[in-house]
Amino acid sequence: VQSVYPASVVKYMTILLAREYHSADWTSGTVPITAAAVTQPYAGITVSFAGLQANDVITWEGLAYCAALPSGGDACLAIARVIGTEIYVAAGSTGNTGVARFVERMNSRAAELSMTNATFFDSFGGSKTFDPEVVRNAMSARDLTKVCAKVYDDATARTIFGTTSHDVIITGPNARTMSLTNVVAFLNGPFVNPSGVKDSSIVMAKTGTWVLVSP
C-alpha cells in the first residue's frame, strides 16, 4: 500500500475531531484567535489561510467553515491549540499540550479508524518535506476513504464540506463578516475554475495543495 503526501485533505481529520470534541457547543462556544495561529508556520512553504487575525473571536462552527472552504490553516491551528490543551488538562496536565497534543490525538484517532498507513504531523497539512526519508503527513487512498466516511456520517460536517459559500461572523476588536468561498472546483465550477468544471452530484469534497516559496 502506498502512502502519499495528502496536503490539505489532512483537514478532514481536524474537523472530525472538532466535531467529536465540540458538537455540544458548536454554535455557542467561542475560540479566541492567537497570534501563533495566524503566523505562517514553516519557512519555504506558504500555508493557505482563511484570513483570521489575532484577537478575533469565532465559534467552532465558524472555524470549521474557515478550515474547509478556503482551506484555512489558521483555523486548523486554532482548533488544534484549544482541543489539544483541553486533552492535556483532562489527562491531569501531563505530557504534551496544545497543538502537539492535538496531533497526537489525530494519530491515535487514525489508529482507531484502522487508518494503518496514516501519519499526521500537523493539523492543516502544510508540513511538506522534500526529503523522501522524512515522513510527515502521509495517507494511503484507503486511509483517506476511512476518514472521509467518518466525516460523511456526520450531517453537520457533511454540510460544511459541501457548502459552496458561507458568511462567518467574527467578534472581537475587529468585528466583521468574512465571506468564504469553497475552493473545490467540482462544487463551485465557474466561480473558481475558468473551465467551468462542476458536478452537481458531488455533495462533499476537499482539495489539497501546497505552494513552494523557495527550495
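Residues numbered from 1 in each chain as written. Predicted model: local features only at pLDDT ≥ 70, side-chain atom pairs only at ≥ 80, totals over all residues. Heavy atoms only, no water.

Visitor: Can you help me understand the pairing of strand β6 (residues 165-170) in this one?
Guide: Working note: regular strand, side chains alternate between the two faces of the sheet. Pairing of β6 with strand β7 (residues 176-181), which is carried by six bridges, proceeds in the antiparallel orientation. Bridge assignment links V168 to a residue of β7, and that residue is M178. Hairpin remark: β6 followed by β7, antiparallel, with five residues in the connecting loop; positive phi at G172, about 110 degrees. (Pairing = 2+ DSSP bridges. Helix = DSSP H or I, 4+ residues; strand = E, 2+ residues; numbered from the N terminus.)

Visitor: It is not clear to me how the nonpolar core should be interpreted in this structure. Could you clarify?
Guide: The tendency in soluble globular proteins is for nonpolar side chains to be buried side by side. If you look at the biggest cluster of nonpolar residues, it comprises 55 residues, and the most contacted ones within it are M13, L52, L63, M115 and F120. For this core, the secondary-structure elements that each account for two or more residues are α1 (11-22), α2 (60-68), α3 (73-90), α4 (98-112), α5 (141-152), α6 (155-161), β6 and β7. The dominant element in this core, judged by the number of residues it contributes, is α3, at nine residues. Residues within four places of M115 in sequence aside, it is in contact with M13, A110, F120, M139, D143, K146 and V147. (Core = buried A, V, L, I, M, F, W, Y, C linked by side-chain atoms within 4.5 Å. Buried < 20%, exposed > 50% of the residue type's maximum accessible area, 1.4 Å probe, protein only. Contact = heavy atoms within 4.5 Å.)

Visitor: Would you mind showing me how to read the packing of aromatic side chains here?
Guide: Within this structure, the stated rule accounts for one aromatic pair. Plain terms: the ring middles of Y12 and F161 are 4.6 Å apart, the flat faces sit at 45 degrees to each other, and that makes the pair tilted. Residue Y12 is located in helix α1, and its partner F161 is located in helix α6; the two are separated by 149 residues in the primary sequence. For the pair Y12 and F161, one class covers both residues: buried. Across the ring face of W26, the terminal group of R19 is positioned such that the distance to the ring centre comes to 4.7 Å. When the ring centre of Y152 is taken as origin, the NZ or CZ atom of R158, which lies over that ring, is 4.9 Å away. (Phe/Tyr/Trp six-rings, centres within 6.5 Å; stacked < 30°, edge-to-face > 60°. Lys NZ or Arg CZ within 6 Å of the ring centre and 35° of its normal.)

Visitor: Can you help me understand the pattern of salt bridges in this one?
Guide: A side chain with one charge may pair with a side chain of the opposite charge, provided their charged atoms come close. In this structure the tally under the stated criterion is six salt bridges. When the shortest N-O distance is used, the salt bridge between E112 and R105 registers 2.9 Å. Look at E112 and you get partly exposed, because its relative accessible area is 47%. Judged by its relative accessible area of 17%, R105 is buried. Among the ionic pairs, E112 bridges to R109, the shortest N-O distance being 3.1 Å. With E112 and R109 both in helix α4 and three residues apart, this pair spans about one turn of that helix. (Salt bridge = Lys/Arg side-chain N within 4 Å of Asp/Glu carboxyl O.)

Keep in mind that these numbers describe shape and distance, not what the molecule does.
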